[in-house]
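What follows is the residue order along each chain.
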Amino acid sequence: MKFMNPKDFLEQYKDAIFEFMGGKEPEMFDSRWEGSNIWVATHSACHTLTIEPDRNSQYEAAVMLPSDLPDHKWGGFFARGNALVPFRMYTIGDGLVPEVKEDFSKIAIDFINGKLTESREINSKRFTITPHWGAESLWVYDNGVYYCIAVRIALPDEENRKWGGYYAYGGYLHGIGMGGH
């Protein structure tokens, strides 16, 4: 897979990302982005914006959830550097740290898989779980700033207790248990 610089990626596809985050209907994404295939993966608990800049690479750029703000139907998160940036979701602080200083992917994966279920301090960092309508997000407190590193979503199964979700790593969203997306 060809690697694309996260800053270049965000700059090149920001219009598509913000149209998606603004609630544009999934079927309205088409091939108007020259040379790229942009589409929306619909899951039972969320939608994700999938961008294929070329034939050899595919990135999930943003996840859209039912918003927990009463004035907006949709909210969610998009990847910026190694952090998730909230869009119309309840936030602690501004959530706009450009790069995570450490690799928190193991903690994010544990959170998505339901192994981290309450706020706690890990390696001198404060991790806080914030509930949203239809999801939960994992935040880390570092040097006076909170930023989101993962989103956990309840997926339907026989008992409605299966978890899936997304975390940011290397400037992109990575999905766990989301039907291959």
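Counting of residues starts from 1 at the beginning of each chain's written sequence and follows it residue by residue. Since the coordinates come from a predicted model, pLDDT governs what is reported: local features require at least 70, and pairs of side-chain atoms require 80 or more to be given and counted, while whole-chain, interface and lining totals use all residues. Where side-chain values are given, they derive from all heavy atoms of the structure, hydrogens and water being excluded.

1. Considerations on the overall build of the protein
Moving on, step 1. Counting from the N terminus, the helices are the DSSP runs of H or I reaching at least four residues and the strands are the DSSP runs of E reaching at least two. Looking only at helices and strands, the protein features 2 helices and 11 strands.
Moving on, step 2. Reading the protein from its N end, one meets helices and strands in the order α-β-β-β-β-β-α-β-β-β-β-β-β.
Moving on, step 3. Note on exposure labels: buried denotes an accessible area under 20% of the residue type's maximum, exposed denotes more than 50%, and partly exposed covers the range between, all computed with a 1.4 Å probe on protein chains only. Relative to its 181 residues, the protein shows a buried fraction of 51%.
Moving on, step 4. Residue contacts are counted whenever heavy atoms from the two residues lie within 4.5 Å of one another. Sequence-distant contacts in the protein: of pairs separated by 6 or more residues, those separated by 24 or more amount to 43%.
Moving on, step 5. As displayed, the protein offers around 9200 Å² of accessible surface, 48% of which is attributable to carbon and sulfur atoms. Exposure was quantified through the Shrake-Rupley algorithm and a 1.4 Å probe, taking into account, for residues, occlusion by the shown protein chains and nothing else.

2. A look at the environment of K73
Moving on, step 1. Relative to the helices and strands, K73 is located in the loop between β3 (57-66) and β4 (74-80).
Moving on, step 2. The exposure class of K73 is exposed, given its relative accessible area of 60%.
Moving on, step 3. Taking the C-alpha atoms as reference points, K73 and G23, 50 residues apart in sequence, are found 7.7 Å from one another.

3. Comments concerning the packing of aromatic side chains
Moving on, step 1. Stacked, tilted and edge-to-face are the three classes applied to pairs of Phe, Tyr and Trp rings, where Trp contributes its six-membered ring and a pair requires centres within 6.5 Å; stacked means planes under 30 degrees apart, edge-to-face means over 60, and tilted covers the rest. In total, this model carries 8 aromatic pairs according to the counting rule given.
Moving on, step 2. Ring centres 5.4 Å apart and planes at 80° place the aromatic pair F104 and F127 in the edge-to-face group. Of this pair, F104 sits in the loop between β5 (83-87) and α2 (105-112) while F127 sits in strand β7 (residues 125-132), and the two are 23 residues apart along the sequence. Like F127, F104 is buried.
Moving on, step 3. Taking the ring centre of W163 as reference, the NZ or CZ of R152 above it sits at 4.3 Å. A ring is considered to have a charge above it if a Lys NZ or an Arg CZ atom is located within 6 Å of its centre and within 35 degrees of its normal.

4. Topic: the pairing of strand β1 (residues 37-42)
Along any regular strand the residues' side chains alternate between the sheet's two faces.
Moving on, step 1. Two strands form a pair only when DSSP identifies at least two bridges running between them. In this sheet, strand β2 (residues 47-54) lies alongside β1 in antiparallel orientation, the contact comprising 6 bridges. If you follow I38 over to β2, its bridge partner there is I51.
Moving on, step 2. Between β1 and β2, which pair antiparallel and follow one another directly, the connecting turn spans 4 residues.

5. Details of α2
Moving on, step 1. Burial analysis of α2 places 6 of its 8 residues in the buried class, which makes it a mostly covered element.
Moving on, step 2. Considered for burial, the residues of α2 that qualify are S105, I107, A108, D110, F111 and I112.
Moving on, step 3. In the stretch just after α2, G114 is the one whose phi turns positive, near 85°.

6. Re helix α1 (residues 6-21)
Moving on, step 1. Helices are assigned an expected span. That span is 1.5 Å times one less than the residue count. For α1, built from 16 residues, the straight-helix expectation of 22 Å at 1.5 Å per residue is missed by more than 12%, its first-to-last C-alpha distance being only 18 Å.
Moving on, step 2. Note that bend, as reported per residue, equals the angle between axes fitted to the 7 residues terminating at that residue and the 7 residues originating from it. Bending of α1 peaks at approximately 70° at the position of Y13.
Moving on, step 3. Of all the residues in α1, the buried ones are P6, F9, L10, Y13, A16, I17, F20 and M21.
Moving on, step 4. Residues of α1 that are buried in the fold lie against β1, β2, β3, β4, β5 and β11 (172-176).
Moving on, step 5. Downstream of α1 by one or two residues, G23 has phi in the positive range, about 100°.

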